[in-house]
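# Descriptive analysis of the structure
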Amino acid sequence: MLAVFASGTGTTLQALMDNQERYNYQVSLVVVNRACQAKERADKEGIITLFSKDWQEIDLQLTGHNIQLIVLAGFLAIIPQWFCEKWDKKIVNIHPSLLPKFGGKGMYGMHVHEAVLAAGEQQSGCTVHYVSAEVDGGAIIAQSIVPVMGDDTPDSLAQRVQLAEKILLPQVIGELLCNT
Ligand code: GAR
């Protein structure tokens with residue numbers, strides 16, 4: 001039983017929903033902290049959604065739905081320390097860079113790709129990692145590398161990285177859940 005937390009367009013959530021059968025897991029709950037396209041996508045698939053910023057309420061709902069693993073899929077909020085500790089090794093995040101490079105506070109979405117290009121990196125990618133109280137600081141589970149092209153813009157690099165994310169994340173989630 002999987003819960004997905006999202007705040008944005010929800011393409012990562014969509015990839016997770018689309019791959020449920022293939023990797024043998026079930027998205028049982030989607031938590032959103034703002035009105036967003038991710039919620040519409042979950043509604044369309046008939047998945048229960050919770051619109052909340054109340055971490056006690058979120059915690060209760062997760063327990064009530066027998067959630068084994070939480071995936072942060074473009075979820076833009078800092079998670080309180082008590083929640084990270086309670087759900088230790090049960091929250092994973094997908095980050096659009098090769099951590100520990102280009103992570104930490106303020107490094108999300110397009111900011112990451114802009115920073116990668118500004119630094120002149122020859123490769124980028126994505127990282128699936130456990131979530132701890134330190135932003136983007138939890139143990140790394142898996143990474144996927146993509147090349148940075150000479151004529152890349154933040155947009156073109158984001159597209160390449162996001163394709164890699166949508167292959168890596170569902171596969172890793174399937175593996176993690178089959179080992180719990
Ligand atoms: C994804 O690319 C994800 O890696 C990134 O936000 C995007 C969400 O897109 N997450 C972060 O930057 C976290 N630090 P989506 O709303 O279409 O799934």
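Each remark here, short or long, concerns the structure printed above.
Summary of the structure given here. Within each chain, residue numbers correspond to sequence positions counted from 1 in written order. With the structure being a predicted model, the display of local features is reserved for residues of pLDDT at least 70 and the display and counting of side-chain atom pairs for 80 or more, all residues being used for whole-chain, interface and lining totals. Only hydrogens and water are removed before side-chain values are computed, so all heavy atoms of the structure are retained for them.

## Focus on the overall build of the protein chain
Runs of E in the DSSP output that reach at least two residues are strands. Runs of H or I that reach at least four are helices, and both are numbered from the N terminus. The helix and strand tally for the protein chain stands at 7 helices and 7 strands. When the helices and strands of the protein chain are read in sequence order from the N terminus, they spell out β-α-α-β-α-β-α-β-α-β-α-β-β-α. Only the C-alpha atoms count toward the radius of gyration. The rule for a globule is 2.2 Å times the residue count to the power 0.38. Taken over the C-alpha trace, the protein chain has a radius of gyration of 16 Å; the compact-globule value for 180 residues is 16 Å, and the two agree within 12%. Over its C-alpha atoms, taken along the principal directions, the protein chain stretches across nearly 50 × 35 × 30 Å. Residue exposure (1.4 Å probe, protein chains only): buried if accessible area is under 20% of the type maximum, exposed if over 50%, otherwise partly exposed. Counting only residues that meet the buried cut, the protein chain has 49% of its 180 residues in that class. Throughout, a residue-residue contact means that at least one pair of heavy atoms, one from each residue, lies within 4.5 Å. A separation threshold of at least 6 residues defines the contact pool for the protein chain, and within that pool the share at least 24 residues apart is 65%. To measure how exposed things are, a 1.4 Å probe is used in the Shrake-Rupley method; for residues, cover is taken only from the protein chains shown. If you sum the accessible surface of the protein chain, you get close to 9,000 Å²; carbon and sulfur atoms cover 50% of it. Between the centroid of the 13 positive side chains of the protein chain and the centroid of its 19 negative side chains there is a distance of 2 Å. When charges are counted, Lys and Arg contribute as positive and Asp and Glu as negative, whereas His and the chain ends are disregarded. A charged residue contributes its charge at one atom only: NZ of Lys, CZ of Arg, CG of Asp or CD of Glu.

## Comments concerning the pattern of salt bridges
Within this document, salt bridges are pairs made up of a side-chain nitrogen of Lys or Arg and a carboxyl oxygen of Asp or Glu, the two lying within 4 Å of each other. Counting across every chain of the model gives 4 salt bridges. The residue K101 makes a salt bridge to E121 at a minimum N-O spacing of 2.9 Å. Residue K101 is found in the loop between strand 5 (91-95) and helix 6 (110-118), and its partner E121 is found in the loop between helix 6 and strand 6 (123-130); the two are separated by 20 residues along the sequence. Assessed through its relative accessible area of 44%, K101 is described here as partly exposed. In this structure, the salt-bridge partner of D152 is R160, at a minimum N-O distance of 2.7 Å.

## So, the environment of T12
Relative to the helices and strands, T12 is located in helix 1 (residues 11-18). Overall, the relative accessible area of 11% leaves T12 in the buried class. Between the C-alpha atoms of T12 and A38, which are 26 residues apart in sequence, the distance is 8.8 Å. Once you skip the residues sitting within four places of it in the chain, T12 turns out to touch A73, I94, E165, K166 and L169.

## Examining the packing of helix 1 against helix 7 (residues 154-178)
Remark: helix 1 packs on helix 7, axes separated minimally by 9 Å, with the N-to-C direction vectors making an angle of 50°. One way to sum up the angle between helix 1 and helix 7 is to call them oblique. Between helix 1 and helix 7 lies a crossing of right-handed hand. On the side of helix 1, the interface is formed by T11, T12, A15 and L16, while helix 7 contributes E165, K166, L169, P170 and I173. Here the contact of helix 1 with helix 7 is built from residues that sort into 5 nonpolar, 2 polar and 2 charged. To obtain each axis, a line is fitted to C-alpha atoms, and for helices this fit is confined to the stretch in contact; angles are then taken between N-to-C directions over 0 to 180 degrees. Roughly parallel covers angles under 35 degrees, roughly antiparallel covers those over 145, roughly perpendicular covers 65 to 115, and oblique covers all other angles. Crossing handedness: left-handed means the near helix sits turned counterclockwise from the far one by under a right angle, and right-handed means the same turn made clockwise. Note that Gly is not counted as nonpolar here; it falls among the polar residues with everything else outside the nonpolar set of Ala, Val, Leu, Ile, Met, Phe, Trp, Tyr, Cys and Pro and the charged set of Asp, Glu, Lys and Arg.

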